[in-house]
Structure formats: structure tokens, C-alpha cells
Amino acid sequence: MGDLESADKLLSELAEGPKRTRHQSQLDLAMVELARGDVSAAESRMRELRDHFDALPDTAPVNDAASLAVDDRVRPFQLAGYEQVLLRSMLAICSLAGDATDAEAYCLQAQTRQAELNRQAEDADSPTPKQQLALAPYLQGTLREATHQNYDDAERAFRLVSSIQPEFAPAADDIARANRGAHSAAGHGVLYVFAMVGHGPKLVETVAPTTTTSLQIASTLLRSIHNHEQGDDDEPVLPNVVSVKVPQVEIPPCDLAAIGVSFGGQLLGATQTITDIGQLAAEKVEAEMPWTIARAVARRVLKEASVVATAQSLGLSGNAAAAFEFAAINAWSATEKADTRCWGLLPREIQVLRAELPVGTQEIQLSPLAFTGQSFAPPQRHSVTIEDGRNHYLVVIAPEQILSVVPSTTSTSP
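What counts and what doesn't
Residues numbered from 1 in each chain as written. Predicted model: local features only at pLDDT ≥ 70, side-chain atom pairs only at ≥ 80, totals over all residues. Heavy atoms only, no water. Helix = DSSP H or I, 4+ residues; strand = E, 2+ residues; numbered from the N terminus. Buried < 20%, exposed > 50% of the residue type's maximum accessible area, 1.4 Å probe, protein only. Contact = heavy atoms within 4.5 Å. Areas by Shrake-Rupley, 256 points an atom, 1.4 Å probe, with all protein chains shown as cover. Phe/Tyr/Trp six-rings, centres within 6.5 Å; stacked < 30°, edge-to-face > 60°. Pairing = 2+ DSSP bridges. Axes fitted to C-alpha atoms, helices over the stretch in contact; angles between N-to-C directions. Core = buried A, V, L, I, M, F, W, Y, C linked by side-chain atoms within 4.5 Å. Expected span 1.5 Å × (residues − 1). Arc of directions from axis to C-beta. Parallel < 35°, antiparallel > 145°, perpendicular 65-115°, else oblique. Left-handed = near helix turned anticlockwise from the far one by under 90°. Nonpolar A, V, L, I, M, F, W, Y, C, P; charged D, E, K, R; others polar. Salt bridge = Lys/Arg side-chain N within 4 Å of Asp/Glu carboxyl O.

A.B. asks: What should I look at first to understand the overall build of the chain in this one?
C.D. replies: From N to C terminus, the chain includes 12 helices and 11 strands. Taken across its 414 residues, the chain has 49% of its residues classed as buried. Within the chain, counting contacts between residues at least 6 apart in sequence, those at least 24 apart form 75% of the total. Carbon and sulfur atoms make up 50% of the accessible area of the chain, which totals about 18900 Å².

Set out below in C-alpha cells:
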């Protein structure tokens, strides 16, 4: 994302390209549009993508006929559960950076989707872990607090944030402030700096060993298919598969830890993590790995059976049949790839800092901070106009250093 113009052009072309990667590219294009400050285009694109993914049928973790016939890449690209919640949360951030009209509605949508996913995760047969995201309730808390009336709603939202993300220390101050019913000091407004920090998780192909659990899942799946097709109870014979190709989460290294925010020559603080996307991705892939391996094993069985049937139809037997089957199975296996499609331009973390500033046009400084706490680049200066008792927002895009800063075009108020 270092060259936003080139990224926009390339992703625009990919977004009109092959269906298999089209929606993945559109997600990344929306992030580039946000980084460029075109929040209206980013919000519109994310809204269309939300509707698209909502319209897709739920894909069973194992018995998907298309993926069993070829590989997982033939399945329609679907967002992980946490990404579905995150998409609605990102819509709220786009709205706050624009006219803020639909921000609270998006927050409610995110929490509704979160509740639906939690119910699904409680199913004993579900491989997907129960994952909670604190971003949407945090945004809702800030919006409820800005009404100067709904402090009870704000306190409940901040308490939920604290339970989801106990490491987020500012939640304690948020809860106490909402309990007092005080938005900000007289003659002050509030600035929220939301920082998209680091390069986000990507999926890369690796080789994983089969496990007892994955082989049991594969056996159950194949028995179900065999009984459905053959009408008997013969046990499927699993091949001696030692390892298979699977996706693995990789988070590109980055020296950027947080964004330091200063005012009047004094450090107000550093942004703190409200949602760790890298951790969510790793947890999801790890939890679903036995089912991912099981699909690969089941594919091998079905492909070997197809090759044997083809050899028989050609009248091959003995050494000729064995040579044909060996060559065909190895050639087929070589073409199989892990599904590494993902929302590639998400950040590693979404962080936030809240600061109360005096009314008027104020200059703040934003500095990229290393994990040592030291700044490793000159600060960027930005002017913000603060209104009494209102919320104002800055969105900082910082994959390795501060790439762009998107100010809100309005403020939220009573």
C-alpha cells in the first residue's frame, strides 16, 4: 500500500477479473479507497460486499462437494466469521470519517452478526472457534456517550469491551467516565485516533501432517458419501496419506508498534489495541485445521477411486494398471493447492486513542512508534477543529509507517 495510486489501479483491474478472486480484490480495493480518503467509495463498496457475502449459502466445513472433487479453491470465496463482523465495523469507521449518518446502525449490525456467529459456534459439531471483537461495541459506546444522554448505554458498551479485550486498559476510564455521566470537560471536545497498524495476516500454502482427529473426520465423511451412493455399510479405506497442503497464517514482520499522539509539545499517549486481527486469523485457522486436513484426505480417496475406475474402463490390469494409477494420482495431487484467498489488506491490529482537546483549531503530531516506545520517523502534523462536547475522528493508515491520515468531515454530537 505504499503507492496508493498504483494499488488502486491494479486492484480496480483485479476487481473486474476472474470470479474466483474478484471479491477478494474488491475488499482490498475498499481499503485502498479508505486510505486515499475516498470514504464514500469505500463505504459503498463495503456495503455491496456485505450484501454479497450475506447472500452466499453457509458452507459446511467438510462435506462440500465442489471442494472434494477438486480443491478448496473452487468454493465461493467467503469471509471468516470475524471478518464478517469486522466488515460491518469498518463500515462504521467509514461512516464516522464521512457524514456519520449510519455509523450506529453499522455497529448494531456488527454486534447482531457477532451474536449469530456465537450461537453457531456453540454447536458441538462446529469447528469454528467463538471469537469476540471489541471494535463495534467500543464505537457504539463512543456514539452513545456523545449524545450526552445515553450514558447507561455507553457504560454497558464499554463494559462489554473490557470483557472482550481485558488488555485494553483505557476501558476502565471509559466505564468510569460514562458512570459519572460526563462526556468531556467544559470547553473541550474529544478526538478519537483510530490506527490501522502493521501488515495484516495473509494465508500461505504449507504442508501439514495428518492427525488421528483429521483421519477420523475424513473417515466419517467418506462413510457418509459411500453409504449415500452405494447404500451399504462398507467402511471406506483411507490411503496412507502422511501430509497434505493447507493454508497457514503468516503475519509479515513490521517494526511499527503503535502511533504516538502529541499536543502542545506533550505526548498524550499511544494508540492501544482494540482488535488484534492477526491473533483472530491464527485462532480461526488453527481451530479449523483438522477439518481442512480431513477434506484433503477425503479428496485423495475420491480421486484414487476415480483413477482406478478409469483404469478399469480402459481395460488396464497388472503392471500397466499400476503404472497408470501411480502416474495419474501423482499428477492430480500435484495440481492441488491450498486455498490462500483472504482479505489481504487488513491491518495487523486496529488501535485507538481518546484525547480531550480544547475548543478551536488545534495542531496534533502523529509519530510511528517502535516496540521500544521510540519514534523512528519524524512526526506528521495535522490540524483538527474541536467543538465543545463533540466527538471528532482521525483514521490513520500505517502498514509500516504513517501512510495516510483521514480526518472526519463532521462530528458526532447531541
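The structure having been displayed, the exposition proceeds.
A.B. asks: Got a minute to help me understand the packing of aromatic side chains in this structure?
C.D. replies: Any aromatic ring pair is given by two values, namely how distant the centres are and how the planes are angled relative to each other. This model, assessed by the stated rule, comprises eight aromatic pairs. Between Tyr138 and Phe158 the ring centres are 5.8 Å apart and the planes differ by 55°, which places this aromatic pair in the tilted class. Remark: Phe158 occurs in helix α8 (residues 151–164) and Tyr138 occurs in helix α7 (residues 135–145); sequence separation between them is 20 residues. Taken individually, Tyr138 and Phe158 each receive the classification buried, so the pair is uniform in this respect. Measuring from ring centre to ring centre gives 5.8 Å for Tyr192 and Tyr393, while their planes differ by 15°; the resulting arrangement is stacked. Here Tyr192, found in strand β1 (residues 188–199), pairs with Tyr393, found in strand β10 (residues 391–398); they are 201 residues apart in sequence, far enough to count as distant. Given the relative accessible area of 4%, Tyr393 is considered buried.

A.B. asks: Just checking my understanding: could you explain the sheet that holds strand β7 (residues 347–358) for this structure?
C.D. replies: Taken in spatial order, the five strands line up as β6-β7-β1-β10-β11 in an open sheet, and their pairing is mixed. Single-partner strands in this sheet number two, and they are β6 (272–276) and β11 (404–407). Direction aside, neighbouring strands of the sheet carry axes that sit 25° apart on average. Two elements, β1 and β10, share eight bridges in a ladder whose sense is parallel. Paired with Phe194 across the bridge in β10 is Val395.

A.B. asks: Would you mind going over the nonpolar core with me for this structure?
C.D. replies: Nonpolar side chains tend toward joint burial in soluble globular proteins. With 81 residues, the main nonpolar core has Met90, Tyr138 and Ile274 as its most contacted residues. With near-sequence residues (within four places) excluded, Tyr138 lies in contact with Phe158, Val161, Phe168, Asp174, Tyr192, Phe194, Ile274, Val352 and Arg354. By size, the runner-up hydrophobic cluster in this structure holds 20 residues, among which are Leu191, Val193, Val197 and Ala355.

A.B. asks: Got a minute to help me understand helix α3 (residues 39–55) in this structure?
C.D. replies: Since the α-helix turns once every 3.6 residues, residues separated by three or four places project in the same direction. Spanning 17 residues, α3 covers 24 Å between terminal C-alpha atoms, matching the ideal 24 Å at 1.5 Å per step. Along α3, the positions that sit buried rather than exposed are Val39, Ala42, Glu43, Met46, Leu49, Arg50 and Phe53. When α3 is viewed along its axis, its buried side chains cluster within an angular range of 130° and face the same direction. Counted as exposed and oriented over 90 degrees from the buried face of α3: Ser40, Glu48 and Ala55. Where α3 is buried, its residues meet α2 (19–35), α5 (81–97), α6 (103–121) and β11.

A.B. asks: Sorry if this is basic, but what is going on with the environment of Ile350 here?
C.D. replies: Within the secondary structure, Ile350 is located in strand β7. The exposure class assigned to Ile350 is buried, which follows from its relative accessible area of 0%. Each C-alpha atom of the pair Ile350 and Ala258 lies 9.7 Å from the other, and the pair is 92 residues apart in sequence.

A.B. asks: I'm lost on the packing of helix α1 (residues 4–14) against α2 in this one. Help?
C.D. replies: Working note: a packed helix pair is described by the angle between its axes plus the distance between those axes. At a minimum axis separation of 9 Å, α1 and α2 run at an interaxial angle of 155°. The angle between the axes of α1 and α2 places the two elements in the roughly antiparallel class. By crossing handedness, the relation of α1 to α2 is classed as left-handed. Contact residues: α1 offers Leu4, Ala7, Asp8, Leu11, Ser12 and Leu14, while α2 offers Arg22, Ser25, Asp28, Leu29, Val32, Glu33 and Ala35. Considering only residue class, the contact of α1 with α2 consists of seven nonpolar, two polar and four charged.

A.B. asks: Help me out: how do you make sense of the packing of α6 against α7 in this one?
C.D. replies: For the pair α6 and α7, interaxial distance at closest approach is 9 Å and the crossing angle is 145°. Regarding α6 and α7, the two cross each other, and that crossing is left-handed. Contacts from Ala103, Glu104, Cys107, Leu108, Ala110 and Gln111 in α6 reach Ala136, Pro137, Leu139, Gln140, Leu143 and Arg144 in α7. Among the residues making up the contact of α6 with α7, the classes are represented as eight nonpolar, two polar and two charged.

A.B. asks: How should I be thinking about the sheet that holds strand β9 (residues 380–386) in this particular structure?
C.D. replies: Strand pairs in the sheet, formed through backbone hydrogen bonds, run parallel or antiparallel to each other. The strand order across the open sheet built from four strands is β5-β4-β8-β9, with neighbouring strands paired in antiparallel fashion. Looking at strand neighbours, the two that pair on one side only are β5 (266–270) and β9, the edges of this open sheet. Strand-to-strand, the axes of this sheet are offset by a mean angle of 35°, without reference to chain direction. In the sheet, strand β4 (residues 256–263) pairs with strand β8 (residues 360–370) via seven bridges, with the strands oriented antiparallel. Residue pairing for β8: Val261 is matched across the bridge by Leu366.

A.B. asks: Looking at this structure, how should I read the environment of Val161?
C.D. replies: Take Val161: it is sitting in helix α8. In this structure Val161 comes out as buried when scored by relative accessible area, which is 1%. In contact with Val161, not counting residues within four places along its chain, are Ala134, Pro137, Tyr138, Phe168, Ala171 and Ile274.

A.B. asks: Would you mind going over the pattern of salt bridges with me for this structure?
C.D. replies: Close approach of charged atoms allows side chains with opposite charge to pair. Under the counting rule described, the total for this entry stands at 18 salt bridges. Notably, a salt bridge pairs Asp51 with Arg50, separated by 3.0 Å at the nearest N-O pair. You can call Arg50 buried: its relative accessible area is 12%. Through salt bridges with shared partners, one network takes in Glu104, Arg144, Asp153 and Arg156.

Fair warning: the whole summary comes from geometry, so function is off the table for now.
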